[in-house]
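Observations on the three-dimensional arrangement
In case you want the letters, here they are:
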Amino acid sequence: REAPTTCVFHQVPKDVSMKMTLHPTRLHTAVAPASRPRAAAVLMLTLCALSFGGAVARPAAAADGGARWTVQTADNSFGAGRQDYRYTLSPGGRLEDGIVVVNQGTTTLHLALRTADGVTTPAGRLGLVDRGARSNGVATWVHLQQDVVTVEPGAAMTVPFTITPPKNAAAGDHVGGIVTVPVGADGVGGAVARPGLEIRLRVSGALKPSLSVDAVRVHYSGTANPVGTGDATVTYTIRNTGNAILTARQAVSVSGPFGTWARHAARIADVPPLLPGATWKGSAPLRGVTPALRLGATVTLVPLLTDAAGSIAPLPATKATGHALAVPWSLLIVLIVVLGLAAGVVLRRRRRRVGAAPRVDGVVA
């Protein structure tokens, strides 16, 4: 007798990515009575694997605990088995596509479909704004044929939609998505599961990828050792000032006046994908920094642009600098004490010389 298989579903984080894993549209398969236990175990293992296959492709928790669903792209002229939606469209253009809702649970689903603009989350992922937040990009260009669906257990439903960017749509990358939530659920965030798919739309026109670095700060922490080195932390803000999604390789260094005693930070992870207008707070620790009175920090970024085919192209590097004081207080205190002792010795010797000088009595004529 085979041991039962248990699959535990976890809650979905608020800021997870919208990339989905495709799932079969039917879960009910006829099997012979003798093989039903083995088939049931295989089915449960499959559901466990699917539940961890995508960041958002996890079952939604309904009141009766029997509601589970996933979403996937429709198979059409754009392709089959797509993980998300990626298009290039001219301003004022129009395209048609579809989203498929698959009921993998045992109860009838009543779901609401919503559109939302994309954001770069504090965790460095591409997410969607919550319900109630103002959307003025892709979310307003996507028109669903219906925003509420009813799907029977084991069935799938395709919801067509169109995307029509306005004639004055800005050239460059625009990100949004379509999410599904139980009808009546509050918001698209919180503790409610919300399987969805990301939409990346590049509006035709001049592509101007650009990153800037500002607010470079150096925070130095010295040591009690008068001749020792300390630690420094360089913080900075990266801003996507262009119209394309960009990541970047980054390097940070600090040095004393005229580039002396330079130290370079260890390998720093690449900047996460930044949407146009998004910012990212960077930080890099450095060890063994000499307190050279005035420290200069240099942050170097090499922007990385990904094209429609997935190829990554490095762009010209951009740099920014910042400065801070790094006073060797321990060494200064030692020097002050030494100079004080030396001054005391000199004064004492002068007094002894004055006291030991011979006294000459005046002669009266």
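Predicted model, so just to flag it, every value in this text is computed and none were measured. (Residues numbered from 1 in each chain as written. Predicted model: local features only at pLDDT ≥ 70, side-chain atom pairs only at ≥ 80, totals over all residues. Heavy atoms only, no water.)

**Some thoughts on the overall build of the protein chain**
Regarding its fold elements, the protein chain presents three helices and 19 strands. When burial is assessed residue by residue, the protein chain has 41% of its 365 residues classed as buried. Considering only contacts within the protein chain whose residues lie at least 6 apart along the sequence, 72% involve residues at least 24 apart. With an accessible surface of roughly 20,000 Å², the protein chain has 57% of that area assigned to carbon and sulfur atoms. (Helix = DSSP H or I, 4+ residues; strand = E, 2+ residues; numbered from the N terminus. Buried < 20%, exposed > 50% of the residue type's maximum accessible area, 1.4 Å probe, protein only. Contact = heavy atoms within 4.5 Å. Areas by Shrake-Rupley, 256 points an atom, 1.4 Å probe, with all protein chains shown as cover.)

**Section: the sheet that holds strand β3 (residues 95-103)**
The four strands are arranged β1-β3-β8-β6 in an open sheet whose pairing can be described as antiparallel. Two strands bound the open sheet, and with one partner strand each, they are β1 (69-73) and β6 (142-144). Each neighbouring strand pair of the sheet contributes to a mean axis angle of 30°, computed without reference to strand direction. Summarising the sheet, β1 and β3 pair through five bridges and their orientation is antiparallel. Bridging from a neighbouring strand, valine 71 pairs with valine 101 of β3. (Pairing = 2+ DSSP bridges. Axes fitted to C-alpha atoms, helices over the stretch in contact; angles between N-to-C directions.)

**Concerning the environment of glutamine 146**
Tracing the chain through its elements places glutamine 146 in the loop between β6 and β7 (148-151). Taking the C-alpha atoms as reference points, glutamine 146 and alanine 112, separated by 34 residues in sequence, lie 8.9 Å from one another. Look past the residues within four positions of glutamine 146 in its chain and what remains in contact with it is Met157 and Val159. A distance of 3.0 Å separates the side chain of glutamine 146 from the backbone oxygen of valine 148, its partner in a polar contact. (Polar contact = N/O pair within 3.5 Å; in protein donor to acceptor, adjacent residues only side chain to side chain.)

**Here we look at the sheet that holds strand β11 (residues 211-221)**
Read from one edge of the open sheet, three strands run β11-β12-β16, paired in antiparallel fashion. Unpaired on one side and paired on the other, β11 and β16 (279-289) mark the two borders of the sheet. For this sheet, the mean inter-axis angle between neighbouring strands, taken without regard to orientation, is 20°. Summarising the sheet, strand β12 (residues 230-240) and β16 pair through nine bridges and their orientation is antiparallel. Opposite threonine 235, over in β16, you have serine 283 as the bridge partner.

**Brief notes about a positive patch on the surface**
A surface patch of positive charge is lined by Arg348, Arg349, Arg350, Arg351, Arg352 and Arg353. Position of arginine 351 among the secondary structure elements: in helix α3 (residues 329-356). (Patch = residues over 30% accessible without salt bridge, like charges linked within 9 Å, V, L, I, M, F, W, Y side chains within 5 Å. Salt bridge = Lys/Arg side-chain N within 4 Å of Asp/Glu carboxyl O. Lys, Arg positive; Asp, Glu negative; His and termini not counted. Charge placed at Lys NZ, Arg CZ, Asp CG, Glu CD.)

**Overview of the pattern of salt bridges**
Tallied over the entire structure, the rule returns seven salt bridges. Note that arginine 94 and glutamate 96 form a salt bridge whose closest N and O atoms lie 2.8 Å from each other. For glutamate 96, a relative accessible area of 52% translates into the label exposed.

**Focus: the packing of aromatic side chains**
Taken as a whole and judged by the stated rule, the model has three aromatic pairs. Summarising the aromatic geometry, the rings of phenylalanine 78 and tyrosine 87 are spaced 5.2 Å apart at their centres and angled 75° between planes, so their arrangement reads as edge-to-face. For tyrosine 87, a relative accessible area of 6% puts it in the buried group. Taking 5.3 Å as the distance between ring centres and 90° as the angle between the ring planes, the aromatic pair formed by tyrosine 85 and phenylalanine 161 counts as edge-to-face. (Phe/Tyr/Trp six-rings, centres within 6.5 Å; stacked < 30°, edge-to-face > 60°.)

**A short note on the pairing of strand β8 (residues 156-163)**
In this structure, β3 lies alongside β8, joined through eight bridges in antiparallel fashion. Within β8, the residue paired with glutamate 96 across the bridge is threonine 162. In this structure, β6 lies alongside β8, joined through three bridges in antiparallel fashion. Bridge pairing in β8 places leucine 144 opposite phenylalanine 161.

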